Amino acid sequence: MDRNKLNEYALKQEPICRENDMISPILFKEYGVKKGLRDENGKGVLTGLTNISKIISSTTVNGKKEPCDGQLWYRGYRVETLINSLDENEFGYEKIAYLLLMGQLPTNEQLKEFKQMLGECRKLPTNFTRDVIMKAPSDDIMNSMTKSILTLASYDPNVKDTSISNVLRQCIQLIAEFPLLAIYGYNAYNHYEKYESMFIHHPDPNLSTAENILMLLRPDKKYTQTEAKVLDTALILHMEHGGGNNSTFTTRVVTSSGSDTYATICAAMSSLKGPKHGGANFKVMEMMDDIRHHVSDYSNEEEVQAYLEKIVDKEAFDRKGLIYGMGHAVYSISDPRERIFKSYVVQLAKEKGKDDDLTLYQNVEKLAPVVIANKRKIYKGVSPNVDFYSGFVYDMLGIPQELYTAMFAIARIVGWSAHRIEELICMDKIIRPAYMSIMESKE
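Here we summarise the structure given alongside this text.

Each value, and the rule that gives it
Residues numbered from 1 in each chain as written. Predicted model: local features only at pLDDT ≥ 70, side-chain atom pairs only at ≥ 80, totals over all residues. Heavy atoms only, no water. Core = buried A, V, L, I, M, F, W, Y, C linked by side-chain atoms within 4.5 Å. Buried < 20%, exposed > 50% of the residue type's maximum accessible area, 1.4 Å probe, protein only. Contact = heavy atoms within 4.5 Å. Phe/Tyr/Trp six-rings, centres within 6.5 Å; stacked < 30°, edge-to-face > 60°. Helix = DSSP H or I, 4+ residues; strand = E, 2+ residues; numbered from the N terminus. Lys NZ or Arg CZ within 6 Å of the ring centre and 35° of its normal. Polar contact = N/O pair within 3.5 Å; in protein donor to acceptor, adjacent residues only side chain to side chain. Expected span 1.5 Å × (residues − 1). Bend = angle between axes of the 7 residues up to and from the residue. Salt bridge = Lys/Arg side-chain N within 4 Å of Asp/Glu carboxyl O.

**Some remarks on the nonpolar core**
The nonpolar side chains of a soluble globular protein tend to be buried with one another. With 116 residues, the main nonpolar core has Y74, F178, I291, L308 and F341 as its most contacted residues. Excluding its chain neighbours within four sequence positions, the residues that come into contact with L308 are I291, I323, V364, L367, A368 and V371.

Here you go:
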C-alpha cells in the first residue's frame, strides 16, 4: 500500500469525521457531564478508594474550603518526612518502593532482602537485549519499552495468574527490569539511528537503582554521589501520586477487567507517554530553550516577563498559550514535590556550573504565575509543578531527552504496581463508567 496515497485519503476524510463526531459543548453542561472527570474547579469525580497515597491541596477553615500548601503522603507518611529520614549518603528508592508495595516501612532485614530480590531480578532473559530491544529501535523509548514488556510476558509461564503473590512477583521483576528496558532501548536507538558508539553495561546488584541508571547510561560508568542522590530523590518524588492520575487510573481500569500484569503495565505506559501526562517535562525543556533564544539577560525580570506574556498571548513558542511546568490538576498554592526538588536542583546546578540557567528557571518560576493570573481567568492558584525542574535536572545529569518520560516510568512502575495489587484485593467489579448517547435516529 502506498502510504502517501493512504495519507491523502485520510486527509480528505478528516472533515467528514469532524462534522459527524462533533458534540456541542452546551450538551455536556446540560447533562452534567464533567469533562475529564473533573468539575470547573478541577475537583475530580470520586471513582474509588485507596490506602496507598494521599494528596492534600486545601483545608477547611470555619466551614469554608481554603487552598493550602500541597501535601503528598505515602502510606501514612508525608513524602518530606520520608526523604528527610534518609541519611546524607543513603539512597531511598528501594525503601520507599517497599513501603508502597507492602504498606509498611521495612525493617533493616526486610530491606536487605528486598534489595537482594531486586538485584537478582535486574537482568533480562538470555539474548533478550539482542533479539528484542535491538530490533526496530526507535527514538520513542516508551514505545520500545512497551514492546519489551509485552514480549517479557511470553517468558512467564504464569503470565495469566492474578493471585496476589504471583502479581507481586511479576511487579517486583518489572520494577527491577525497567531501567534496563529504558537504557538498553536508548543505546540501541543511539547506535542504529544516530550512528553513535554502542555499549551495553551489565547492572551491578550491589548498587542502588539510581546508581545503576547512571552507571548503565555512561560509557565510563562513573557518577558522583550528588548526581546519584539527586536522581534517587527524583525517582522517589515521581513514584506515586494518588489513584486519580491518568496512568494510575488506567492501571486500575485494566486490572479490573482481569487482564494480566504485563498488559496492564503496558496500558499505563501508553497513558504516561502522552504530552499531557508524563511527557510534560520534555515540553518544559523545549519552552526553556525557546526562552533562552529570545531573552538576552536571564536576570532581567522585565525582559523575562515580557516574553512570558508573548507565550501566554500565543505569540511565541508553540503558540498554544501555555507556560509548561506551571499549574497542576490538584495543587494550587504549591506542589510539594517541586518544593523538595528545588533544593537539590540548586545543589546540582552549583556542582555543574549552571548558575545562569538556574537564574532563568527561578525567574520563570517567580513571574509565570503573575503573568497567567493577569492574562487568564483561573479558578485556583498557579504554581510550578514537579515537571518544571525535572527536565533541567535530567539535562544536568546527562540524561538524553529521549529518556525523560522513561525516567518517569522507572519511578511510577512502583505506584502502578501498588494500585494493581490494591485493586485485586479490594475490588471485584469491572470499571465501566456510563456514557449517554445523543445519537439521533436516521430511519
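Next comes the rest of the description.
**Comments concerning the packing of aromatic side chains**
The final tally for this structure, using the stated rule, is nine aromatic pairs. Pairing Y98 with F114 gives two aromatic rings, centres 5.5 Å apart and planes at 80°, and the pair type is edge-to-face. Highlighted residues: Y98 in helix α4 (residues 93-102) and F114 in helix α5 (residues 108-121), separated in sequence by 16 residues. Taking relative accessible area as the criterion, Y98 reaches 10% and is therefore assigned buried. Judged by centre distance (6.1 Å) and plane angle (85°), the ring pair of F317 and Y324 falls under edge-to-face. Here the basic side chain of K35 rests over the ring of F28, its NZ or CZ set 4.8 Å away from the ring centre.

**A closer look at the side chain of E422**
Looking at the secondary structure, you find E422 in helix α18 (residues 404-426). Only 2.2 Å separates the side chain of E422 from the side chain of R252, close enough to count as a polar contact.

**Quick notes on helix α8 (residues 164-192)**
Counted at 1.5 Å a residue, the expected span for α8 with its 29 residues is 42 Å, and the 40 Å between its end C-alpha atoms agrees. E177 marks the point of greatest bend in α8, at about 40°, and the proline P179 comes within the next four residues. Along α8, 22 of the 29 residues are buried, which leaves the element largely enclosed by surrounding structure.

**Structural notes on the environment of V346**
Of note, V346 is situated in helix α15 (residues 336-352). On the basis of relative accessible area, V346 is assigned to the partly exposed category, the value being 25%. Taking the C-alpha atoms as reference points, V346 and G42, 304 residues apart in sequence, are found 31 Å from one another. Beyond its immediate chain neighbours, meaning those up to four positions away, V346 contacts L358 and Q362.

**Section: the pattern of salt bridges**
In total, this model carries 19 salt bridges according to the counting rule given. A salt bridge links K273 to D140; the shortest N-O distance between them is 2.6 Å. You can see K273 sitting in the loop between α12 (261-272) and α13 (280-294) and its partner D140 sitting in the loop between α6 (128-133) and α7 (141-153), a full 133 residues away along the chain. Here K273 falls in the partly exposed class, since its relative accessible area comes to 30%. Residue D140 is classed as partly exposed on the basis of its relative accessible area, which comes to 23%. Across the pair E227 and K352 runs a salt bridge whose closest N-O atoms are separated by 2.4 Å.

**Considerations on helix α16 (residues 355-375)**
Along its 21 residues, α16 runs 30 Å from first to last C-alpha, staying within 8% of the 30 Å computed at 1.5 Å per residue. The principal kink in α16, of about 30°, is found at L367, preceding the proline P369 by one to four residues. Of the residues making up α16, those classed as buried are D357, L358, L360, Y361, N363, V364, E365, L367, A368, P369, V371 and I372. Where α16 is buried, its residues meet α13, α14 (301-312), α15 and α17 (386-396).

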